[in-house]
Amino acid sequence: MMQRMACFEKIAAVRNGAIVVATYTSAFEWHRVDPDPLNFVSVGAMGQASSHALGLAIGLPDQKIIVLDGDGSLLMNLSTLTTIANAAPKNLVHFVVENGTYEANGGHPTPAQGRTDFAGMAAAAGYAEAHSYEGLNQFAADLPALLSAPGPVFAALKVEPGDAPPLNYDYKWLHSADRRREFRDAVRPLLKKS
């Protein structure tokens, strides 16, 4: 089993200008690892991070889009797997942080905790690639290939439930008009390229 922050540090090291869509606990931890204007925070719409990422991937086909989903969030919107596979965005990489809990809501266990094969579901839905990782070294070794492969690419990251970071939903970076403007201004030049 891995630690979420360690996985995120590996992703940040090879992000290379990608837009990152993160949800709930992952959003808070990702912000600590890589506070970048191209971070799109998907908090308040549980299960929708992958749908937001799909919209960005379709709208910006020449821009790499990474989604940092949670297993609890994905379970809230499993149909996103078939929707993404059907749209087949070549620029989308979908990471699911699998810790078996609804961490942002008190650490309650997810249904079928430890028995759900998320990578198997993504493969069956029609993702171009689907992988599952339990060891950080293998994940780090495969990460450049995951990010460069034609998508949609899926990877389940089996992590230990952690101590949730402070989930202060009043954070200025989360919902403020300044934060939205910062993201818009960072994306605007990318629209001209697509």
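Residues numbered from 1 in each chain as written. Predicted model: local features only at pLDDT ≥ 70, side-chain atom pairs only at ≥ 80, totals over all residues. Heavy atoms only, no water.

1. Looking at the pattern of salt bridges
Okay, step 1: Considering all chains together, one arrives at 7 salt bridges under this definition.
Okay, step 2: The partner of Asp-178 in a salt bridge is Arg-181, with the nearest N and O atoms 2.6 Å apart. One end of the pair, Asp-178, and the other, Arg-181, are both in helix α9 (residues 177–193), 3 residues apart, so they sit about a helical turn from each other.
Okay, step 3: Taking relative accessible area as the criterion, Asp-178 reaches 44% and is therefore assigned partly exposed.
Okay, step 4: On the basis of relative accessibility, which here comes to 37%, the residue Arg-181 falls in the partly exposed class.
Okay, step 5: Through salt bridges with shared partners, a single ionic network connects Arg-15, Asp-34 and Asp-36. (Salt bridge = Lys/Arg side-chain N within 4 Å of Asp/Glu carboxyl O. Helix = DSSP H or I, 4+ residues; strand = E, 2+ residues; numbered from the N terminus. Buried < 20%, exposed > 50% of the residue type's maximum accessible area, 1.4 Å probe, protein only.)

2. Focus: the packing of aromatic side chains
Okay, step 1: Inspection of every chain in the model, using the stated rule, returns 5 aromatic pairs.
Okay, step 2: Plain terms: the ring middles of Phe-8 and Trp-30 are 5.8 Å apart, the flat faces sit at 80° to each other, and that makes the pair edge-to-face. In this pair, Phe-8 sits in helix α1 (residues 4–13) while Trp-30 sits in helix α2 (residues 24–33), placing the two residues 22 residues apart along the sequence. Exposure class is identical for Phe-8 and Trp-30. Each is buried.
Okay, step 3: With centroids separated by 5.3 Å and ring planes inclined at 65°, the aromatic side chains of Phe-40 and Phe-183 adopt a geometry described as edge-to-face. Linking Phe-40 in strand β2 (residues 39–42) with Phe-183 in helix α9, this pair joins segments that are 143 residues apart in sequence.
Okay, step 4: Taking relative accessible area as the criterion, Phe-40 reaches 25% and is therefore assigned partly exposed.
Okay, step 5: Relative accessible area serves as the criterion here: at 12%, Phe-183 is assigned to the buried category.
Okay, step 6: Taken together through their ring pairs, the aromatic side chains of Phe-95, Tyr-133 and Phe-139 make up a single cluster. (Phe/Tyr/Trp six-rings, centres within 6.5 Å; stacked < 30°, edge-to-face > 60°.)

3. Some points on the nonpolar core
Okay, step 1: Ranked by internal contacts, the top residues of the largest apolar core, which has 26 residues, are Ile-19, Val-21, Leu-56, Ile-65, Leu-92, Tyr-127 and Phe-154.
Okay, step 2: Looking at this core, the elements with two or more residues in it are β1 (19–23), α3 (49–59), β3 (65–70), α5 (79–87), β4 (92–98), α6 (118–125), β8 (153–158) and α9.
Okay, step 3: If you tally residues by element for this core, the top one is α3, at 5 residues.
Okay, step 4: Leaving out residues up to four positions away in the same chain, Val-21 has contacts with Phe-40, Ser-42, Ala-49, His-52, Ala-53, Leu-56, Ile-65, Ile-66, Val-67 and Leu-68.
Okay, step 5: Ala-22, Trp-30, Tyr-133 and Leu-157 belong to the second largest nonpolar core, which has 25 residues in total. (Core = buried A, V, L, I, M, F, W, Y, C linked by side-chain atoms within 4.5 Å. Contact = heavy atoms within 4.5 Å.)

4. Focus on the pairing of β1
Okay, step 1: Extensive coverage of β1 is indicated by the burial of 5 of its 5 residues.
Okay, step 2: Burial of β1 is two-sided: the residues Ile-19, Val-21 and Thr-23 facing one way and the residues Val-20 and Ala-22 facing the other way are all buried.
Okay, step 3: Across 4 bridges, β1 lies against β3 in parallel orientation. In the sheet register, Ile-19 faces β3, and the bridge partner there is Ile-65. (Pairing = 2+ DSSP bridges.)

5. Section: the pairing of β4
Okay, step 1: By the criterion of burial, β4 is predominantly enclosed, with 7 of the 7 residues buried.
Okay, step 2: Residues Leu-92, His-94, Val-96 and Glu-98 point to one face of β4 and Val-93, Phe-95 and Val-97 to the other, with burial holding for every one of them.
Okay, step 3: The pairing of β3 with β4 spans 6 bridges and is classified as parallel. By the bridge assignment for β4, Val-67 is matched with His-94.
Okay, step 4: Bridging between β4 and β8 involves 6 bridges; their strand directions are parallel. Within β8, the position partnered with Val-96 by the bridge is Ala-156.

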